[in-house]
Amino acid sequence: MSALFIQLKHELLRFNAQKKSIETIFIGGGTPSTVAPELYTEIFEYIQPYLKENIEITSEANPNSATYEWLEGMYSLGVNRISFGVQSFDEKKLKVLNRAHSPQMAKDAINNAKKIGFKNLSLDLIYATLGDTKELIQNDIDTAFSLPINHISAYALTIEEGTAFEHKPQMSSEQLEITSWIFKSIIEKGLPQYEISNFGKYQSSHNLGYWKYKDYMGVGAGAVGKLDLKRFYPNPDIEEYIENSCIIREESLTSEDKKIEQFFLGMRSCVGIHADLFSLNERKQANILVEENKLDLKANIFYNKDYLLADEITLFLTS
Ligand SMILES: C[S@@+](CC[C@H](N)C(=O)[O-])C[C@H]1O[C@@H](n2cnc3c(N)ncnc32)[C@H](O)[C@@H]1O
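As the structure is a prediction and not an experimental result, all values here were calculated from the model. Each chain carries its own residue numbering, running from 1 in the written order of its sequence. This being a predicted model, a pLDDT of at least 70 is required before a residue's local features are given, and a value of 80 or more before pairs of side-chain atoms are given or counted; all residues contribute to the totals for chains, interfaces and linings. The side-chain figures draw on all heavy atoms in the structure; neither hydrogens nor water molecules are used.

Asks: Is there a simple way to explain the site of the ligand in this structure?
Replies: Nearness is defined per residue: one heavy atom within 4 Å of the molecule or strand is enough. Close to the ligand lie 17 residues, the nearest being Gln87, Asp124, Ser153, Tyr155 and Thr158. Two N or O atoms form a polar contact when they lie within 3.5 Å of each other; inside protein one atom must be a possible hydrogen donor and the other a possible acceptor, and for residues adjacent in sequence the pair counts only when both atoms belong to side chains. In this structure, a nitrogen atom belonging to the ligand sits 2.9 Å away from a main-chain N or O atom of Thr158. Put simply, the parts of the chain that give the shell around the ligand at least two residues each are strand 3 (81–87), strand 4 (120–127) and strand 5 (151–156). Secondary structure elements follow DSSP: runs of H or I of four or more residues count as helices, runs of E of two or more count as strands, with numbering from the N terminus.

Asks: Teacher, can you tell me more about helix 1 (residues 2–14) here?
Replies: One turn of an α-helix holds 3.6 residues; hence residues three or four places apart share an orientation. Here helix 1 contains 13 residues, and its C-alpha end-to-end distance of 18 Å stays within 8% of the 18 Å for a straight helix at 1.5 Å per residue. Two residues form a contact once any of their heavy atoms are found within 4.5 Å. Tucked into the core, helix 1 has its buried residues touching strand 1 (22–27), helix 2 (41–47), strand 9 (230–234), helix 9 (238–243) and strand 10 (248–252). Positive backbone phi, approximately 45°, marks Asn16, located one or two places after helix 1. One less than the residue count of a helix, multiplied by 1.5 Å, gives the span that helix is expected to have.

Asks: What's the story with the pattern of salt bridges in this structure? I'm lost.
Replies: When the charged atoms of two side chains lie near each other, side chains of opposite charge can form a pair. What counts as a salt bridge is simple: a side-chain nitrogen of Lys or Arg found within 4 Å of a carboxyl oxygen of Asp or Glu. Under the criterion given, the structure shown has 14 salt bridges. For Lys189, the salt bridge identified is with Asp142, shortest N-O distance 3.2 Å. Of this pair, Lys189 sits in the loop between helix 7 (176–188) and strand 6 (193–195) while Asp142 sits in helix 6 (residues 134–145), and the two are 47 residues apart along the sequence. Burial classes: relative accessible area under 20% of the type maximum marks a residue as buried, over 50% as exposed, and values in between as partly exposed (1.4 Å probe, protein chains only). A residue is classified by how much of its surface remains accessible, and Lys189, at 38% relative accessible area, is partly exposed. With a relative accessible area of 33%, Asp142 lands in the partly exposed category. Note that Glu188 is salt-bridged to Lys184, the shortest N-O span being 3.4 Å. On the criterion of helical spacing, the pair formed by Glu188 and Lys184 is a turn pair, its members being 4 residues apart in helix 7.

Asks: Mind showing me how you'd approach the nonpolar core here?
Replies: A general trend in soluble globular proteins is that nonpolar side chains are found buried together. Judged by nonpolar contacts, the single largest core of 52 residues is most densely connected at Leu71, Ile82, Phe84 and Leu123. Considering each element in turn, this core owes the most residues, 5 residues, to helix 5 (residues 103–116). Apart from the residues within four sequence positions on either side, Ile82 is in contact with Ser59, Ala61, Trp70, Leu71, Phe118, Asn120, Leu121 and Ser122. With 12 residues, the next largest nonpolar core counts Phe263, Ile273, Ala275 and Leu317 among its residues. Residues enter a nonpolar core if they are buried and are Ala, Val, Leu, Ile, Met, Phe, Trp, Tyr or Cys, with the set joined through side-chain atoms within 4.5 Å.

It is worth stressing that arrangement in space is one thing and function is another; only the former is reported here.
Structure below.
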């Protein structure tokens, strides 16, 4: 734990963190549910003075390792939102996705979390996977809504380097009309969409923080951080990170980089883009999209009306 602690102290200094300045915490991974809750105690005690009242503290969890005891332990630490990496409630698909849990384990873990007292429960679903059918996805969505959750994240499978599918691009097959149907199904069942992949009666403050381009501290091997126009990349290699957790690669962003990122994030989410960020030409492009009913302009902020068009709209705005 000490490597993490050393980097945490380093980052608190770098961010000149003040008392009650930390707005949200997100424990992600790797797999936080394989780490015993008591191992987090020292860190939680140390950061307590920096935490804002009623802070949102999320932990990711995999159903196969999120035991009742683990959930209870995290709850007593002050974690108040769990995001379960369910991915699907279809046995065969879980095997295709190399997930170690069964549909029943996922249901049990979520129901246990509710019993323990967690109010904000989210689950992740992956779609656009080879072998997906409307029936399979419908069953995933129906099963999700049969559980005590108030948030769903739905991700199209992407082929990432260094993962099992790296050399199997055929595993990912997105059809926009299916994606649009998935979004519509989740919305009609009662979870409003607030970002291209996120639906919730409860909106995650941590996620919103990213999309509002707020600064964030990344602590841990490979946990990226951002402060003003700088991004920090701790060593992703766990052994090397443990050796020296303060060897951190820095990336300088230009104000133009910042603006383009704000455009992408604003169009992909309910955050929108403030009109003051637009150049004259971008403002002209935005007005065209308002006339075409693709953007809304409210209180000097442009809002996207179809997240599936987000990237195209951003390219049009900046063209
Ligand atoms: C992005 S975080 C989840 C954050 C969470 N939804 C929340 O609201 O706090 C981890 C999730 O990313 C998704 N994911 C991981 N690898 C992926 C891939 N290659 N393609 C698409 N989604 C992936 C999985 O659903 C995984 O559970």
